Protein chains: 2
Amino acid sequence: MYPLNETHDPALQSWVESAQQPGTDFPIQNLPFAVLRRRGTPEPFRGGVAIGDQVLDLAAVLRSGALQGQGELVQAALQAGAQSSLNALMALGAPAWSALRLALSRALRQGSALQTGLQGCLLAQSEAEYALPARIGDYTDFYTSIHHATNVGKLMRPDNPLLPNYQWVPIGYHGRASSVIVSGQPFKRPQGQIKPPDAATPLLAATRRLDFELELGAYIGPGNALGEPIALAAAEQQVFGLSLLNDWSARDLQAWEYQPLGPFLGKNFATTVSPWVLTLEALAPYRAPLERSSDDPAPLPYLDSAYNRLHGALDIELEVALQTPRMREQGMEAATLVRSNSRHSYWTLAQMVAHHSVNGCNLQPGDLLGTGTLSGPQPQQAGALIELTLGGRQPLTLPNGEVRTFLEDGDTVWLRGCCQRPGVARIGFGECAGTVLPARA
Amino acid sequence: MYPLNETHDPALQSWVESAQQPGTDFPIQNLPFAVLRRRGTPEPFRGGVAIGDQVLDLAAVLRSGALQGQGELVQAALQAGAQSSLNALMALGAPAWSALRLALSRALRQGSALQTGLQGCLLAQSEAEYALPARIGDYTDFYTSIHHATNVGKLMRPDNPLLPNYQWVPIGYHGRASSVIVSGQPFKRPQGQIKPPDAATPLLAATRRLDFELELGAYIGPGNALGEPIALAAAEQQVFGLSLLNDWSARDLQAWEYQPLGPFLGKNFATTVSPWVLTLEALAPYRAPLERSSDDPAPLPYLDSAYNRLHGALDIELEVALQTPRMREQGMEAATLVRSNSRHSYWTLAQMVAHHSVNGCNLQPGDLLGTGTLSGPQPQQAGALIELTLGGRQPLTLPNGEVRTFLEDGDTVWLRGCCQRPGVARIGFGECAGTVLPARA
């Protein structure tokens, strides 16, 4: 949807030197948004843009007046971006997002006349404390990876893993908005009803099968009025951007409760998102064709377009890493458990938005859509422990010899994501981290 | 939880004469809350309390100063209740709700010295336009009627209608908050994927099986912090009050999409709530014992208490009435299709709250919990057309000879509810009305 423009030029360099560091997630071609303040202060939260290891504080930029004279759209976007959540910026729509990106790209380039004025608006990421990027009105989680659906389906129905609706309906369900938390915030192991296979009755206990799910989250832009579907061709304009999302899951709670109305307490105790939201325009160089085999049915017309088939997917490399308490004691880094890629998804972002609203359901600025676990076709690309361990039957051995079937207290899970292709600037998502605290006594 | 006090005295009379009209839903013993303004004006919405056919405008009461000198709790509750949503009042908690109720009961009684000061704060309900009572952060729908679960289960699994978890888990799922609308607002028949039984592939079409569901909705009070469950004994203090709720359902969309993650587009196109919220204190005279047979298992301890067994249920008479376009033309009133009672519910409000939070999920002020369809044990107590018509196989004949299996365009559905017992004042819920508009062309 977004054409490549000067903001994507891989030759661009910033006067913020760390933006040129090899391997940085945040070169000048990225410019993702977050909400933050200086850690340990009572300052108000405000929007910021990542550049190298720094944040450009949008409230400070607004006060500095440095971007005045760049047009009304930039000014409106800057005012919206300086608030304590990005909902107002998300509500402004794609032209405003694009105008602000261009203005910031020019202002942060080497040689910009605005360098002196903006230097005082920087804040080190190491000093930042993040809030959720948006007040999330509704959170919907999809199930877009056919590999995840098949892997999980096999555990329950070995002969018939994929349900008949899967290749027609972008399956989704409503999640809990109140318990979405930002990277770094720990959470307690949840308790709930568990029905052991050999027991006659369930018991109340802390979950024994705590899992992660490797997902992307999409934040909605202006949205639609109740009763007015969003067409596939207009759907990507409704997506402000993407972050990482860990849909923590208690498999034993989920298994006992989910019939007939779907996941509930097995999921709604915590969902972690990364602080940085990458705009779809930043991701424009990383579009990919939809992966389909000739056996797959053509989707219904409201979910089909040439653009979607040729460019609907996104080539985002994803990984999950785990650090146990013993690894921390031993000074070991987190071990990578999973490497996957979002391009293996069966359904695209645009299809998620078009399907969600086809019945008239209204999406609103700041709503969050999860992709569902982004498992790829290979076993090591499975995005959840329940897949990696075949339902807990095949433990993983970590580099220090420890084994895991599901998560233990003190474990920290990181999601990471980045885009890299020859001749294009590498951009990354930062981190989405969460640590499991012991269950409430 | 709330003891009976002077506000429940059936002998109380108000200086608002319509509050004494036989059959009024809003005698002085009720005093429910809504958010409203004068219809057709750009006035701000504000909280109000129903009395007879009038509304006591809480913003006007605040300005009048009539309730000054009644203590800080009353003043804080009045200030919160005068806002454009009741979230702040809900957040204050039970002592504040109770103090305001007592102050309003005394102020509206015959002989009150405040009559002159408050007379100018009344507004006729016929002139009022209502908004949602709260900004709903999250909306959860439960499945608390075992009769509904059994009736619906029979349609799909005649030999095994009730799933093994039903009598252990108060089954619930997350609904869509953005499409909750207030009584009187029409909605378009939704379109979506339908898979006819004899077709090889699904199609996109307007739903052919549009249904209502007779429910109550509960608004959450102060709520809990993430990770901190609400104990059963404290659960009712977290419920501000109840309204009527119609969980409109497109059965054909739902049937095709709901495996494996539950209802989504079959439900999230619209949910209608009544404007008036009756506090649990107003409902205190209508507590009822839990209906259980000796075969039913005892619930797990976190869902069990003597109070819950003896008084956990509510004796609320409920009905659904339908008026077709032809009935409107013929000058006929709506025909009652269903008469049920919430006391037949398998799970109570307190059990819903305790279960929802047992894993640490945080509930917030203004969150909405639906009970699920409140079908009773008798066939004519079934709270949805899919039950009344046995899955659409047995049409209903209306008083004018028309037949219905599911809803047709132009149909208006009313939910009504009231409480009446000998020696206690009758109180009612007002109306929850919605009209089906034709699908989008």
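All of these numbers come straight from a predicted model, not from anything done at the bench.

Undergrad: Describe the overall build of chain A, listing the residues and the values that go with them.
TA: The helix and strand tally for chain A stands at 12 helices and 26 strands. By the compact-globule yardstick of 22 Å for 441 residues, chain A fits well, its C-alpha radius of gyration being 22 Å. Dimensions of chain A, computed from the C-alpha atoms along their principal axes, are close to 70 × 55 × 40 Å. Counting the 441 residues in chain A, one finds 64% classified as buried. Within chain A, counting contacts between residues at least 6 apart in sequence, those at least 24 apart form 74% of the total. Looking at charge distribution, chain A has the averaged site of its 32 positive side-chain charges lying 3 Å from that of its 39 negative ones.

Undergrad: Tell me about the UniProt feature "binding site: Mg(2+)" (unreviewed entry) in chain A, and please be specific about residues and values.
TA: All names here are of chain A. UniProt's feature table lists "binding site: Mg(2+)" (unreviewed entry) at Asp-247, Lys-267 and Thr-271, given in the numbering used throughout. Despite a sequence span of 25 residues, these residues sit close together in the fold, their greatest C-alpha distance being 7.7 Å. Secondary-structure assignment places Lys-267 in the loop between helix H8 (251–257) and strand S16 (271–273). Since its relative accessible area comes to 8%, Lys-267 is described here as buried. Setting aside anything within four residues of it in sequence, one finds Lys-267 in contact with Tyr-173, Glu-213, Asp-247, Trp-248, Ser-249, Arg-251 and Gln-254. A distance of 2.9 Å separates the side chain of Lys-267 from the side chain of Ser-249, its partner in a polar contact. The residue Thr-271 is located in strand S16 in this model. Residue classification places Thr-271 among the buried positions, given a relative accessible area of 2%. Beyond its immediate stretch of four places on either side in the chain, Thr-271 contacts Tyr-139, Ser-179, Val-180, Ile-181, Leu-245, Asn-246, Asp-247 and Trp-248.

Undergrad: I'd like a rundown of the packing of helix H2 (residues 72–81) of chain B against helix H4 (residues 94–108) of chain B, residues and numbers included.
TA: Residue and element names in this part refer to chain B. Orientation of H2 relative to H4, taken along the N-to-C sense of each, is 95°, at an axis distance of 8 Å. Classified by the interaxial angle, the pair formed by H2 and H4 is roughly perpendicular. Together, Leu-73, Val-74, Ala-77 and Leu-78 of H2 and Pro-95, Ala-96, Ala-99, Leu-100 and Ala-103 of H4 make up the contact between the two elements. Grouping the amino acids of the contact of H2 with H4 by side-chain chemistry returns 9 nonpolar, no polar and no charged.

Undergrad: Describe the domain arrangement of chain A, with residues and values.
TA: How large an interface is tends to be reported as the accessible area lost when its parts come together. Residue and element names in this part refer to chain A. Each assigned domain of chain A is listed here: domain 1 (6–130) and domain 2 (139–437). Centre-to-centre, using C-alpha coordinates, domain 1 lies 28 Å away from domain 2. Residue-level contacts link 26 residues of domain 1 with 27 residues of domain 2. Taking both partners together, domain 1 and domain 2 bury about 2,200 Å²; carbon and sulfur atoms supply 67% of that area. Broken down residue by residue, the surface that domain 1 buries against domain 2 is led by His-8, Met-90 and Trp-97, which jointly contribute 27%. Residue Arg-426 pairs with Asp-25 through a salt bridge whose shortest N-O separation is 3.1 Å. Linking domain 1 with domain 2 are 10 residue pairs in polar contact (both at pLDDT 80 or more), by the criterion used here. Elements with a minimum of two residues in the side of domain 1 that touches domain 2: strand S1 (33–38), strand S2 (46–51), helix H3 (87–92) and helix H4 (94–108). A per-element tally of the side of domain 1 that touches domain 2 places H3 first, with 4 residues. Here the side of domain 1 that touches domain 2 is composed, by residue class, of 14 nonpolar, 10 polar and 2 charged.

Undergrad: Give me the sheet that holds strand S1 (residues 33–38) of chain B: which residues, what numbers.
TA: All names here are of chain B. With respect to topology, 5 strands assemble into an open sheet ordered S4-S3-S2-S1-S5, the strand pairing being antiparallel. Two strands bound the open sheet, and with one partner strand each, they are strand S4 (122–124) and strand S5 (128–131). This sheet shows a mean twist of 50° between the axes of neighbouring strands, independent of strand direction. Judged from the 3 bridges that link them, strand S3 (residues 54–57) and S4 form a sheet pairing that is antiparallel. Bridge assignment links Leu-56 to a residue of S4, and that residue is Leu-122.

Undergrad: So what's going on with the relation of the copies chain B and chain A? Residues and values would help.
TA: With an RMSD of 0.0 Å, the operation that places chain B on chain A is a rotation of 180° combined with a shift of 0.0 Å along the axis. Both chain copies can therefore be described as sitting about a two-fold axis. Proximity to the rotation axis, assessed at the C-alpha, singles out Gly-262 of chain B in chain B; its C-alpha lies 2.1 Å from the axis. When you check the interface residues of chain B against chain A, 98% turn up at the interface there too, and the contact is symmetric in its surfaces.

Procedures and definitions
Residues numbered from 1 in each chain as written. Chains lettered and ligands numbered in written order. Predicted model: local features only at pLDDT ≥ 70, side-chain atom pairs only at ≥ 80, totals over all residues. Heavy atoms only, no water. Helix = DSSP H or I, 4+ residues; strand = E, 2+ residues; numbered from the N terminus. Rg over C-alpha atoms; globule rule 2.2 N^0.38 Å. Buried < 20%, exposed > 50% of the residue type's maximum accessible area, 1.4 Å probe, protein only. Contact = heavy atoms within 4.5 Å. Lys, Arg positive; Asp, Glu negative; His and termini not counted. Charge placed at Lys NZ, Arg CZ, Asp CG, Glu CD. UniProt positions renumbered as here; feature names shortened; annotations may be inferred. Polar contact = N/O pair within 3.5 Å; in protein donor to acceptor, adjacent residues only side chain to side chain. Axes fitted to C-alpha atoms, helices over the stretch in contact; angles between N-to-C directions. Parallel < 35°, antiparallel > 145°, perpendicular 65-115°, else oblique. Nonpolar A, V, L, I, M, F, W, Y, C, P; charged D, E, K, R; others polar. Domains from an automatic or database assignment. Buried area = accessible area lost by both parts, 1.4 Å probe. Salt bridge = Lys/Arg side-chain N within 4 Å of Asp/Glu carboxyl O. Pairing = 2+ DSSP bridges. Least-squares fit on C-alpha atoms with pLDDT ≥ 70 in both.

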